[in-house]
Amino acid sequence: MVKRLLLILVMGFLLAALTACGEKPLLSDVSFSKDRITPNADGEDDVLRIQYRLSRRAYLSIYFLDQAGNRFVFRQHELRAPSAEEPYSVYFSGVVDGYVLPGESFEGFTVARRVLQDGTYTWVVEATDETGHTEQVTGTLTIADADAALPELRNFTVSPPVFTPNRDGIDDRARINVFVTKDYTSLVVYLLGEDGVRYHVAEDERSPSRPGEAGFHTFDYDAGVDLGAEPPPDGTYTVWAEVQDAIGQQVVATSTLTIKDGGVPKAYILNGEVQWSARSILLGETLYFTLTVENDSATPIRTSGPPPGTVYDSDQNYSTLGWTIQSGVFRVGIHCENALINYPWRWAVGDRSVLVEDEEGHLYLPPFTRAVVTGGIRFVDVEGARNPQYCWAGLIHEDVEIAQVNDRVDPVFLFIEVP
Ligand SMILES: [Ca+2]
Ligand SMILES: [Ca+2]
């Protein structure tokens with residue numbers, strides 16, 4: 001008697017549950033607009049539309065099973081709100097999450113999105129509500145003439161692995177190279193920081209292959225410093241290369257790049273002030289100057305000799321003293337109107353008491369540091385027509401610029417008396 005009552009109760013519950021489901025299926029109106037597509041970007045049968053309706057909040061999956069039962073994922077357990085008046089609608093171009101075929105292995109890149117290989121598949125649209133109740137609808141889809149070649153990324157390299165974008169002429173740029181095996185619609189390279197911020201890297205205009213074409217592509221990265229922007233903070237970044245072909249296949253490759261001592265150097269002659277030893281000298285005498293250089297940035301500024309205190313003869317210059325121009329180096333220079341070259345007399349922006357030396361022997365004025373620079377020019381002849389002539393100081397960023405504020409600083413109207 002008790003057993004029988006229980007049975008009736010259980011049957012009653014089952015009936016109620018069935019009725020509830022029958023009234024309101026979780027998943028309904030599922031349709032694929034085509035049962036065959038040819039994903040090859042020729043404009044014919046390249047895409048189909050998938051529609052479905054959800055009666056309540058659910059996790060939705062759409063996947064494909066090949067004849068052997070291998071699963072290819074288009075949507076994986078994604079939370080969806082109940083359908084409003086219109087059903088959900090999504091285009092499908094044959095491209096699913098990346099997968100690897102039997103016997104296949106890729107070196108140096110991974111496949112993020114890949115087209116289904118030609119064949120017949122069972123499609124499955126599946127919804128699971130928050131109680132764990134699952135419903136699915138299935139059908140058949142044929143893939144034919146798929147353009148299944150992958151846009152492979154080969155030999156993705158970043159060099160040097162550590163670079164110092166600070167305009168000191170040493171490792172200021174990183175070069176990123178990659179070979180793409182197929183014509184593509186987009187190729188992007190960016191640095192990704194641990195905080196999730198992306199820094200885009202532009203393709204070099206001198207890249208051997210045109211954008212969009214298979215071949216060798218190069219990217220030149222200065223961290224923005226050339227345009228005066230502060231580079232990303234020092235640290236190690238993941239460098240991503242992402243390529244996508246016309247049918248939507250995506251291949252990615254990663255490497256790392258470390259930024260060190262990055263920054264925009266800013267240095268000035270303090271107060272734009274130069275102390276000159278005289279306004280009038282006898283031929284054969286020396287004009288001395290004293291000024292202070294200030295590194296007003298968080299970046300060390302590089303310099304080279306000769307050291308402060310050096311006295312030039314007026315017919316000498318930095319080159320004849322053996323201190324040729326080096327790209328990225330800051331030096332104090334003196335120029336007089338009669339000089340034949342720009343700022344012929346140059347000095348390091350400090351002496352050993354304030355400069356620091358790196359492992360390779362390069363000298364730097366540390367961040368937020370001042371240094372007194374002195375020197376002299378002994379006038380051995382009066383070249384040129386002008387006497388008196390203007391002489392002035394400058395702070396030269398060699399092969400980069402002489403900032404306006406650092407050019408023609410505090411001129412002296414110098415008379416050289418010829419006995
Ligand atoms: Ca097609
Ligand atoms: Ca550098």
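Reading the values: rules and limits
Residues numbered from 1 in each chain as written. Chains lettered and ligands numbered in written order. Predicted model: local features only at pLDDT ≥ 70, side-chain atom pairs only at ≥ 80, totals over all residues. Helix = DSSP H or I, 4+ residues; strand = E, 2+ residues; numbered from the N terminus. Rg over C-alpha atoms; globule rule 2.2 N^0.38 Å. Buried ≥ 20, exposed ≤ 12 C-beta atoms within 10 Å, placed from the backbone. Contact = placed C-beta atoms within 7 Å. Pairing = 2+ DSSP bridges. Axes fitted to C-alpha atoms, helices over the stretch in contact; angles between N-to-C directions. Core = buried A, V, L, I, M, F, W, Y, C linked by C-beta atoms within 7 Å. Domains from an automatic or database assignment. Nonpolar A, V, L, I, M, F, W, Y, C, P; charged D, E, K, R; others polar. pLDDT = per-residue confidence, 0-100.

Description of the overall build of the protein chain
Per the secondary structure count, the protein chain includes one helix and 31 strands. For the protein chain, whose C-alpha radius of gyration is 36 Å, the value lies well above the compact-globule estimate of 22 Å for 419 residues. Over its C-alpha atoms, taken along the principal directions, the protein chain stretches across nearly 135 × 50 × 40 Å. Residues counted as buried form 31% of the 419 residues belonging to the protein chain. Relative to all contacts within the protein chain whose residues are 6 or more apart in sequence, the contacts with residues 24 or more apart total 70%.

A short note on the environment of G196
Checked against the element boundaries, G196 lands in the loop between β14 (186-192) and β15 (198-201). Sequence separation of G196 and R175 is 21 residues, and the distance between their C-alpha atoms is 22 Å.

Topic: unusual backbone geometry
The omega angle of the peptide bond from G305 to P306 is 5°, so this bond is cis rather than trans. Inspection of the secondary structure assignment puts P306 in the loop between β23 (301-303) and β24 (311-313). Between N387 and the following residue, P388, the backbone shows a cis peptide bond with an omega angle of 5°. You can see P388 is positioned in the loop between β29 (369-378) and β30 (389-397). Here Y343, not a glycine, exhibits a phi torsion of approximately 45°, which is positive. One can find Y343 in the loop between β25 (330-336) and β26 (345-348).

What to know about the sheet that holds strand β11 (residues 153-159)
With antiparallel pairing, three strands are arranged side by side in an open sheet as β11-β13-β16. In this open sheet, the two edge strands, each paired with only one partner strand, are β11 and β16 (215-221). Neighbour-to-neighbour, the strand axes of the sheet open up by a mean angle of 10°, direction not taken into account. Bridge count for strand β13 (residues 174-180) against β16 is seven bridges, and the pairing is antiparallel. Bridge pairing links A174 to Y221 in β16.

Structural notes on the nonpolar core
In this structure, L291, V293, V332, V349 and A393 are the most contacted members of the largest nonpolar core, which totals 37 residues. Every element with two or more residues in this core is listed here: β19 (267-269), β22 (286-295), β25, β26, β28 (363-365), β29, β30 and β31 (409-417). Among the elements that make up this core, the one with the highest residue count is β30 (five residues). If we skip the residues at most four places from it in the chain, V332 touches L291, V293, R346, W347, V349, V373, A393 and L395.

Things to note about the domain arrangement of the protein chain
Split into domains, the protein chain comes out as domain 1 (28-143), domain 2 (153-259) and domain 3 (267-417). In this structure, domain 2 and domain 3 have C-alpha centres spaced 39 Å apart. Each partner contributes to the interface: domain 2 provides six residues, whereas domain 3 provides eight residues. Along the lines of polarity and charge, the residues of the side of domain 2 that touches domain 3 split into one nonpolar, two polar and three charged.

Concerning the pairing of β25
Counted residue by residue, β25 has seven buried out of seven residues, so it is predominantly covered. Neither face of β25 is exposed, since F330, V332, I334 and C336 on one face and R331, G333 and H335 on the opposite face are all buried. As judged from the four bridges shared by β25 and β26, these two strands associate in the antiparallel manner. If you follow I334 over to β26, its bridge partner there is W345.

Brief notes about the sheet that holds strand β2 (residues 36-37)
Ordered by their spatial adjacency, five strands build an open sheet running β2-β10-β9-β4-β5, and the pairing between neighbours is mixed. Each having just a single partner strand, β2 and β5 (71-80) make up the two edges of the open sheet. In this sheet, strand β10 (residues 134-143) lies alongside strand β9 (residues 119-129) in antiparallel orientation, the contact comprising ten bridges. In the strand pairing of β10, Y121 is matched with L141.

Some remarks on the confidence of the model for the protein chain
With 94% of its residues at a pLDDT of at least 70, the protein chain reaches an overall mean of 93. For the stretch residues 5-22, pLDDT sits under 50, and the model shows zero contacts to residues farther than four places along the chain or on other chains.

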